[in-house]
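Chain by chain, the residues:
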Amino acid sequence: MKHSKSLYLFILPGLAIYLLFFVYPTINGLILSFSSWDGFSERKWIGLDNYTRMLTGDSIFVRAFQNNMKFMISVVVFQTILSLFFAILLTKNTKKNVIYRVLFFFPTIISSIAVAFIWGFMYNPNVGVINSFLGNIGLDALSNNWLGNPAMAIYSIAFVQVWAHTGQMIVLFVAGLQSIPEELYEAVYLDGANRWQAFRNVTWPLVAPAATIVVAYTTIQSFKAFDLIFALTGGGPAYSTEILSTYIYHTAFQSSEFGYAAAQSMGFMVIIAIVTIGQFKLLRGNRAY
Amino acid sequence: MNHRNKDTVTGKTMKTIVLLMFSLLILLPVLIVVLASFKQMTELFVNPLGWPKTFSLDNYVVMFKEQSIGRYFGNSLIVTLSTIFCILLFASMLAYAIYRFSGWRSLVIYGLFAAGMMVPPQVNMIPIYKLVADLKLTNSLGGLIAVSIAIFMPVAVFILSGFMKSMPKEMIEAAAIDGCGEWQSYFRIVLPLSMSSISASAIFLSVMVWNDLLFPLLLINSESKKTLPLALLQFQGEFMTNFPVIFAGVIIASAPIVIAYIFLQRYFVEGVTAGSIKG
């Protein structure tokens, strides 16, 4: 059937606002990345200078990328294992399990700023709960300046990220686990398999599609953890928690190098694309089915 | 017999212990912060974990009297509600057009928005900041709303058009034969039938927009236009380590979403998950 002309009116408002506030800036960002611009004066076309600087002369950019990777890898590994473990415990839709899932999901809905303040307090070296708890149980030796120690800070934040988002991944894994037919378990247990063998031969291969989604999503999420890091440490101490997105923000709004920040944004996008594609390939390759 | 979990008695106990410990890990920090918001700093120092001596509302009074958190709350409410309303309206219209058009038109519109989901909003912060400044919309809630609509719309288009695809096209064609125009079939047939995915999108969007820090941070710096996440950041600078006052702010800022979550848990879990996977 032929559509009527009035359908174009359906597209108009959404498309207009999207083109103006999303598509145009995306293209403009690319152009800006070839320019030098301080936010006020005329912008100047400088060709590839920003990119040369980013790739050869900027140790903080490299540092931020490394921090991103450290953060991503620790979050992906721990969050995926932890959420798969709890999803297996909570697969069935019993009343109790549903309550646990809702509880574990809770931190996902509060803002990253709120999460940052909660954990900023927990980690605080003077009044913080963690250190005083360690002191009370005689483990003073383990207490630390969790966010002030450059060797430690990025992992302390990774822990917070895992705290906040494990519940969300549990839900995804539960959906995957529930789609595994009960008969498969009956069959392997009849063959005398133990729990580990059942996990190895039934659960793991069949939960792989859900795992792919979880890992991919966790990766993107941890690359984009701007709010959490910005509110917890602002990238410090000594750039030890600076990730690409906070660095882009600082380049633009602290150093007023908007053109260079735009080039960094392009680098950021390319890195995300490469990591995502690479990961999909890797996980596909590992899949048994 | 349940074959999936061949639970022995010790296995069951272990499972309960592990689950309770993780529940504690999730709940304890939240509880500590809620209790701390009723304490004074001196009390928090000596008694960080325990029950407050008296449930004093002083910190909340500071938030409302000295900090005008009511205004920030209002700003957040305006931004969130207008953004969600516009996104749901525009995205459902777009999804309807994608559903009704055939061939390349449908593909081009769909592709344009699907491509938008690949670009993380943080990539666009510089050019969006520049555009809003050029349009003289910095420090206006309207500018923030327009940007938020554009940023979060692709996901909604994706979810809604995915849902509409499953509706039989014959339905609309039959209605057209009966003289039903596009607007009528959108408002009377497709929109009512899409309510489940529209409300899932609404929940997902309300969490995203209410909690968003990045774009308010870029586009707003005047005192009177701040949204809650931005105001919280400002409290951090102002009160430094006076945690109880900051926590009162955190609780006021989180209250609407948390209350909604308590009543609509299942829909939140579904909505937020659907939105974030596709987003």
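Residues numbered from 1 in each chain as written. Chains lettered and ligands numbered in written order. Predicted model: local features only at pLDDT ≥ 70, side-chain atom pairs only at ≥ 80, totals over all residues. Heavy atoms only, no water.

With respect to the confidence of the model for chain A
Part 1 of the argument: Of the residues in chain A, 97% have a pLDDT of 70 or more, and the chain-wide mean is 88.
Part 2 of the argument: Across chain A, element-level confidence peaks in helix 3 (residues 59-89) of chain A with a mean pLDDT of 94 and bottoms out in helix 6 (residues 129-136) of chain A with 81. (pLDDT = per-residue confidence, 0-100. Helix = DSSP H or I, 4+ residues; strand = E, 2+ residues; numbered from the N terminus.)

Things to note about the pattern of salt bridges
Part 1 of the argument: Using the criterion set out here, one finds four salt bridges over all chains in the structure.
Part 2 of the argument: Between R53 of chain A and E257 of chain A there is a salt bridge; the shortest N-O distance is 2.9 Å. Highlighted residues: R53 of chain A in helix 2 (residues 49-56) and E257 of chain A in the loop between helix 11 (244-253) and helix 12 (258-286), separated in sequence by 204 residues.
Part 3 of the argument: For R53 of chain A, a relative accessible area of 34% corresponds to the partly exposed category.
Part 4 of the argument: As a salt-bridge pair, E182 of chain B and R100 of chain B come within 3.0 Å of each other at their nearest N and O atoms. You can see E182 of chain B sitting in helix 9 (residues 182-193) and its partner R100 of chain B sitting in helix 4 (residues 69-100), a full 82 residues away along the chain. Both residues of the pair, E182 of chain B and R100 of chain B, belong to the buried class. (Salt bridge = Lys/Arg side-chain N within 4 Å of Asp/Glu carboxyl O. Buried < 20%, exposed > 50% of the residue type's maximum accessible area, 1.4 Å probe, protein only.)

Description of unusual backbone geometry
Residue and element names in this part refer to chain A.
Part 1 of the argument: A cis geometry characterises the amide bond from G236 onward to P237, with omega recorded as -10°.
Part 2 of the argument: Relative to the helices and strands, P237 is located in the loop between helix 10 (226-232) and helix 11.
Part 3 of the argument: The phi dihedral of A238 is positive, around 50°, even though this residue is not glycine.
Part 4 of the argument: Within the secondary structure, A238 sits in the loop between helix 10 and helix 11.
Part 5 of the argument: A relative accessible area of 57% places A238 in the exposed class.
Part 6 of the argument: In this structure, S256 takes a positive phi of about 55° despite not being glycine.
Part 7 of the argument: With respect to the helices, strands and loops of the structure, S256 is situated in the loop between helix 11 and helix 12.
Part 8 of the argument: A relative accessible area of 30% means that S256 is categorised as partly exposed.

Comments concerning the nonpolar core
Part 1 of the argument: If you look at the biggest cluster of nonpolar residues, it comprises 192 residues, and the most contacted ones within it are F104 of chain A together with Y96, M153 and F235 of chain B.
Part 2 of the argument: When residues in this core are grouped by element, the largest group, 16 residues, is from helix 7 (residues 141-164) of chain B.
Part 3 of the argument: Leaving out residues up to four positions away in the same chain, M153 of chain B has contacts with G14, I17 and Y18 of chain A together with I87, F90, A91, L94 and F113 of chain B. (Core = buried A, V, L, I, M, F, W, Y, C linked by side-chain atoms within 4.5 Å. Contact = heavy atoms within 4.5 Å.)

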